[in-house]
Amino acid sequence: MTTSYIALRGAVERGEMTFTQAVERFLQQIQERNPHINALLEVYDIEALEQAHQWDAAWKVGQSLPPLAGLVYVHKDNIAVAGHKLSAASRILGGYVSPFDATVIERLRKAGAICIGRANCDEFAMGSSNENSAFGPVQHPYLEGYVPGGSSGGSAAAAAAGFCHVALGSDTGGSIRQPAAFCGLYGLKPTYGRVSRYGLIAYASSFDQIGPLARSLEDLIAVYEIIAGFDPRDATTAAEDIIPFSSDEAIPQRWALLSPEGMHPVVESAISSLVENLRSAGALVEKIDFPYWDYLIPTYYILTTAEASSNLARYDGVRYGHRTKEAPNMESLYARSRSEGFGREVKRRILLGTFVLSAGYYDAYYTKAQKVRRLLYDYTESLFESYDVIALPTSATPPFRLGEKTQDPIQMYLSDLFTVYANLTGHPSLQIPLHSYTGIQLIAPLFKENRLFAAAYALRHMGS
Ligand code: GLN
C-alpha cells in the first residue's frame, strides 16, 4: 500500500500529496495492525505529525527541503532517542529514558527524517526470532503464527507491514539481514566502523553495526548515506569517505557462491534460479568449497558472549533502570536486581561469556576464537583477490513457527550460521529479498557498500 520515500517526495513536489497525509496513512496502518503484530512498543504520533506539518509548511512557502524531509522511520529499542524510553526489550532497563540522541538519530533528524516509533526486538539484541523480548514476541506480518526473524524482528515487521519507509536495526550476527529476509526486505549490515555506534546499547562491541531495513532499495541507500561516516564520539568509526552511490557503479562480474548442503528446498530453488539468471547475463559464478562452516557458530558465540558479559556488567541496579525492592547488602542488591531484570537467554549468555573469559579457560576458548576470527578474515580477503562479491543464503530456511525453536537454544543458534560470517570478518553485507520470504546476502570488500548496491540493482533488473 505505501510507496517509497522517493515516490512520496516526487508526489509532494508535484503537489499531489502532503507529508502529513503520508504520516497519517502510516499511523492508520499502525493502529490497525500493530496491536496484533506487536512490532512497535511505542508510537510517536504527535511528534511525527508535528514534524510532517512543519515540512509541509516549509514546502508551501518555497523553502528548500533537507534531503530526507518527511521520510518516516522507526528505531530499534536499542538505539537512543532523546526524551524517549529505551529498554533493549529488557525489564532491567524499565523506566529508563534516554537523555540524548544516538548519532544515527541526530543525523536523520538533521536530514529531515521523521521518527514514528520504537520497535520491539530480542532482549539486548540476543536472538533470531524476536521471541526473547520482555514485551512479548512479534508476529510475522504476513504469515500468521510465524516469526518475523530476529533480533530486529520489530523493525522488520514494521517496515514490511507498511508502518514506515525504513526501519533502523542493529546487526551483531545477522539481526538485520535474517529478519529482512524473513519479511521480504532489503537489509544492510555496513562495514564494521562505517556507522557510528554512539547511542547504541552494546551487545558485542566488536561486532555490532547499525543499519537500515526497507522495502525499497533506493530508500535503504538514502538512509545509509546519511547515517554513515566518521563520528568523533565513536573511536571505531572509520575516516573513509562516503561516496554517494550512482548507477554508474560497475556491476560485479565475478561471484563466489558459498552454498552448503542441507538447505530448505525453497531456499535451494530461489538461489539456483538466481544463479541461472546471473550466468545467462554473462556473470562468472563459481561455487566455492568453504572450509570453515563448522567454526563459524562456535567462534561467534564464544566471542560475542565474552563481550556481552562485560558490556552487561553495567546493569547493576544502581545506575540504570530496575532495582530490586529489598536487599540486605550491596552484593545482593546487584544479584537480585540482575536476576529479576534479565531474561533467560541473556543470563545464559552472561554465564557462557564469563566462562570463556575465566582464568582457566581463557586461552582454550577466547584466545583460540580470536585466532579463528583472524583466519576467517584473511581467507575472505584472499577470496576478494579473485572475486568481486561473495554470495550466500541469508538463512537456510524460510520463517519458522512461533515457539518452534524456543526450547532448543542450539537449534536457534544454528539458524545464524550464514549471517555471523560477515560480522566475524567485519565486511559489509546486503540481504536481497527472493521469493517466499527467503533471501541471498552479498558480501563485498571493506567499505565497498556501493558494490553491493550495484549488484542489487543488477539482480532486480534480471527479475530475481
Ligand atoms: N541471532 C544472533 C544472536 O542471537 C544475532 C543477533 C544480532 O545480530 N544482534 O546473537
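The structure under discussion appears in the preceding block.
Residues numbered from 1 in each chain as written. Predicted model: local features only at pLDDT ≥ 70, side-chain atom pairs only at ≥ 80, totals over all residues. Heavy atoms only, no water.

1. Structural notes on the environment of Thr304
Our working rule: Helix and strand assignments come from DSSP, with helices taken as H or I runs of at least 4 residues and strands as E runs of at least 2, each series counted from the N terminus. Residues count as neighbours in contact if any of their non-hydrogen atoms are within 4.5 Å of one another. Under the rule applied, a polar contact is a pair of N or O atoms within 3.5 Å (in protein, one hydrogen donor and one hydrogen acceptor; residues adjacent in sequence only if both atoms are side-chain atoms).
Within the secondary structure, Thr304 sits in helix H9 (residues 293-311). Note: C-alpha distance between Thr304 and Ala454 (150 residues apart in sequence) is 31 Å. For Thr304, the contacting residues outside a window of four places in its chain are Thr172, Tyr203, Ala204 and Phe207. Polar side-chain contacts of Thr304 include one of 2.7 Å to the backbone oxygen of Tyr300.

2. With respect to the pairing of strand S6 (residues 209-214)
This is how the line gets drawn: Relative accessibility thresholds used throughout: buried, under 20% of the residue-type maximum; exposed, over 50%; partly exposed, between the two (1.4 Å probe, protein chains only). Between any two strands, pairing holds if DSSP finds at least two bridges.
Along S6, six of the six residues are buried, which leaves the element largely enclosed by surrounding structure. Burial along S6 is two-sided: Gln209, Gly211 and Leu213 facing one way and Ile210, Pro212 and Ala214 facing the other are all buried. Where strand S4 (residues 166-171) and S6 come together, six bridges link them in antiparallel fashion. The residue of S6 that forms the bridge with Ala167 is Leu213. Bridge count between strand S5 (residues 186-189) and S6: two bridges; the pairing is antiparallel. Across the sheet, Gly187 pairs through a bridge with Leu213, a residue of S6.

3. A closer look at the site of the ligand
Under the convention used in this document: If a single non-hydrogen atom of a residue is within 4 Å of a molecule or strand, that residue counts as near it. What sets the accessible areas is the Shrake-Rupley method with a 1.4 Å probe; for residues, cover comes only from the shown protein chains. Under the convention adopted here, Pro, Cys and the residues Ala, Val, Leu, Ile, Met, Phe, Trp and Tyr are nonpolar, Asp, Glu, Lys and Arg are charged, and Gly plus all remaining residues are polar.
Taken together, 15 residues are adjacent to the ligand, and Thr172, Gly173, Ser175, Tyr203 and Tyr300 come closest. With respect to the ligand, the backbone of Ala125 contributes an N or O atom lying 2.8 Å from a nitrogen atom. Contact between the ligand and Thr172: an oxygen atom at 2.7 Å from a main-chain N or O atom of the residue. Here the ligand loses 100% of its free accessible area of 290 Å² to cover by the protein chains. The residue makeup of the shell around the ligand, split by class, is five nonpolar, seven polar and three charged.

4. Observations concerning the nonpolar core
Worth spelling out the cut-off: We call a set of buried residues a nonpolar core when its members are Ala, Val, Leu, Ile, Met, Phe, Trp, Tyr or Cys and they connect through side-chain atoms within 4.5 Å of each other.
Judged by nonpolar contacts, the single largest core of 144 residues is most densely connected at Phe124, Trp255 and Tyr421. By residue number, the principal contributor to this core is H9, which donates nine residues.

5. Let's talk about the packing of H9 against helix H12 (residues 362-386)
Which entries qualify depends on this criterion: Lines fitted to C-alpha atoms define the axes here, with helix axes fitted over just the stretch in contact, and angles between the N-to-C directions of these axes take values from 0 to 180 degrees. By the definition adopted for this analysis, an angle is roughly parallel if under 35 degrees, roughly antiparallel if over 145, roughly perpendicular if from 65 to 115, and oblique otherwise. Should the near helix be turned counterclockwise from the far one by less than a right angle, the crossing is left-handed, whereas a clockwise turn marks it as right-handed.
One can describe the packing of H9 onto H12 by two numbers: an axis separation of 9 Å at closest approach and a directional angle of 125 degrees. On the basis of the axis angle, H9 is oblique to H12. For the crossing formed where H9 meets H12, the hand is left-handed. Here H9 contributes Tyr295, Leu296, Thr299, Ile302, Leu303, Ala306 and Glu307 to the contact with H12, which in turn contributes Tyr365, Tyr366, Ala369, Gln370, Val372, Arg373 and Leu376. In terms of residue class, the contact of H9 with H12 is built from 10 nonpolar, two polar and two charged.

6. Overview of helix H1 (residues 5-13)
An α-helix turns once every 3.6 residues. As a result, residues three or four positions apart point the same way. For H1, the set of buried residues is Tyr5, Leu8, Arg9, Gly10, Ala11 and Val12. Among the structural elements, helix H2 (19-37), helix H3 (45-60) and helix H7 (217-227) are those in contact with the buried residues of H1. At the exit of H1 stands Gly15, carrying a positive phi of roughly 80 degrees.

7. Section: the packing of H2 against H3
The contact between H2 and H3 brings their axes to 8 Å, and the two run at 160 degrees. Relative to H3, the element H2 lies roughly antiparallel. Crossing angle aside, the handedness with which H2 passes H3 is right-handed. Listed contacts from H3 to Phe19, Thr20, Val23, Glu24 and Leu27 of H2 are Asp45, Ala48, Leu49, Ala52, His53, Trp55 and Asp56. Broken down by class, the residue content of the contact of H2 with H3 amounts to seven nonpolar, two polar and three charged.

8. Side note on the pattern of salt bridges
Our working rule: Whenever a carboxyl oxygen of Asp or Glu lies within 4 Å of a side-chain nitrogen of Lys or Arg, that contact is scored as a salt bridge.
Following the criterion strictly, the structure yields 17 salt bridges and no others. Between Glu345 and Arg348 there is a salt bridge, with the nearest N and O atoms lying 2.3 Å from each other. Of the two residues, Glu345 and Arg348 both sit in helix H11 (residues 344-356), three residues apart, roughly one turn of that helix. Classification of Arg348 as partly exposed rests on a relative accessible area of 30%. Within this structure, Glu106, Lys110, Asp231 and Arg233 form a network of salt bridges that share partners.

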